[in-house]
Amino acid sequence: MTQPIPAYEVVSAEGVNLHLADGRVLIDGMASWWCAIHGYNHPVLNSAAQQQLEKMSHVMFGGITHQPAVELCEKLVALTPKGLDKVFLADSGSVSVEVAIKMAFQYWISQGQTHKNKLLALRGGYHGDTFAAMSVCDPVNGMHHLFEQVMPAHLFAPIPQIAFDQPWDNRDIAEFKSIIEANHQQLAAVILEPIVQGTGGMRFYSPNYLKQVRELCDQYNVLLIADEIATGFGRTGKLFACEWAQIAPDIMCLGKALTGGYMTLAATLCSDRVSRGICEGEAGCFMHGPTFMGNPLACAVANASIDLLLSQDWAAEVKRLENQLRVELEPFAQLPAVADIRALGAIGVIEMQEPVNVAEIQKKFVDQGVWVRPFGKLVYVMPPYITSQSELTRLFRGIYHVLSEDTD
Ligand SMILES: Cc1ncc(COP(=O)(O)O)c(C=O)c1O
């Protein structure tokens, strides 16, 4: 970077606290890009990593298999919506999206339908920064103009307008419907973030939209890819956001909270139809094989993180956070610089009228003892699920102090 904004050195972290090198302690509202659902330095996850480290940190996943990966894949198949029966372990969220898109394309190539080579995505979406993922991010804020010479062009439907808890109106899906009707012969898949459009705007949309997308994909023989990288593992109040619409996608991407934020690991699940369809083709198998596929250390921690989540009444904890988020957000609605407040599950959003100056506001947040990383007009929190009532209150007291001062 030629003009970097200040960065703060963290020397350790425990629970919901980040300890800075200068001795200050910050309450973390971001869960490290939404991953650290159990907080930091958790004894159960530490122990899982240490135990696995004593056995092996890594072995190749070609011609070799191991218990941590087998156990993880079995868990994911059991937990995710019915019909997702095969798992591909990938290195990061973006890679799992690459894998999902490649699965969809290879499926149609194997079926001899090579004309099905386009994707339909939603404006306002975000799926990662690698090339295929970037090509289905929002075309305006997703860097498309910068890379248009070298990036594949896909189709986009408008941002869903009807919010999560608003009454449904079929007009919200009308344009999506026209696009799929007109283009299904060349469409391999629809890709979307179910219920929550995250990085593209922190919008919560109606489950009816998702339900109708599933129906239209079935009607027009187009695969549905659900990117649950941000929403998976309880963040929206359901274990997977697809459950709000009671649908199962053909392909699903998981990442972020998969290892409780301990290390990078992602998974792409698909239906038996997709996996068999791929393997019937000339290649005979899915053509992808990363070096660190199924890393045992990451799988062992993921297994421990999932077990830890399921061992508690996580849904009640997320509901507790949602209820408190609604209360804590209320006073922000009175600030003239605030355009909207909203909460769903363990996600709380303050949408400002104007984009914030990240460097300036970041320093003010740190001075208040909170870690919040806004982008564009959005000041939001996705705290660890273990955040206590008083910690959440302190987090919002810090945010309020900064935003009310800024708008005086
Ligand atoms: C919905 C969604 N998909 C994909 C990604 C990319 O994941 P990663 O940053 O692990 O590559 C993200 C990251 O924020 C995301 O929110």
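Look up: the structure comes first, before these words.
Computed from a predicted model, the values in this text were never measured in an experiment.

Draft legend 1. Here's a closer look at the site of the ligand. Near the ligand, the surroundings consist of 13 residues, among which G93, S94, H127, D227 and K256 are the closest. Residue D227 places a side-chain N or O atom 2.6 Å away from a nitrogen atom belonging to the ligand. Between the ligand and the protein, one listed contact pairs an oxygen atom with a side-chain N or O atom of K256 at 2.9 Å. Contact with the protein chains covers 82% of the free accessible surface of the ligand, which is 390 Å². For the shell around the ligand, the class distribution of residues is 4 nonpolar, 6 polar and 3 charged.

Draft legend 2. Representation of the packing of aromatic side chains in the model. The full count for this structure, using the stated rule, is 13 aromatic pairs. Relative to Y380, the ring of W34 lies with its centre 6.0 Å away and its plane at 85°, an arrangement referred to as edge-to-face. Note that W34 is positioned in helix 1 (residues 31–34) and Y380 in strand 16 (residues 378–381), a separation of 346 residues in sequence. For Y380, a relative accessible area of 1% puts it in the buried group. Aromatic side chains F131 and F147 sit 5.8 Å apart centroid to centroid with 80° between the ring planes, which places their arrangement in the edge-to-face category. Taken together, the positions of F131 in helix 5 (residues 131–135) and F147 in helix 6 (residues 144–147) put the pair 16 residues apart, joining distant regions of the chain. On the accessibility criterion, F131 (40% relative accessible area) is partly exposed.

Cut-offs used in this document
Residues numbered from 1 in each chain as written. Predicted model: local features only at pLDDT ≥ 70, side-chain atom pairs only at ≥ 80, totals over all residues. Heavy atoms only, no water. Near = heavy atom within 4 Å. Polar contact = N/O pair within 3.5 Å; in protein donor to acceptor, adjacent residues only side chain to side chain. Areas by Shrake-Rupley, 256 points an atom, 1.4 Å probe, with all protein chains shown as cover. Nonpolar A, V, L, I, M, F, W, Y, C, P; charged D, E, K, R; others polar. Phe/Tyr/Trp six-rings, centres within 6.5 Å; stacked < 30°, edge-to-face > 60°. Helix = DSSP H or I, 4+ residues; strand = E, 2+ residues; numbered from the N terminus. Buried < 20%, exposed > 50% of the residue type's maximum accessible area, 1.4 Å probe, protein only.

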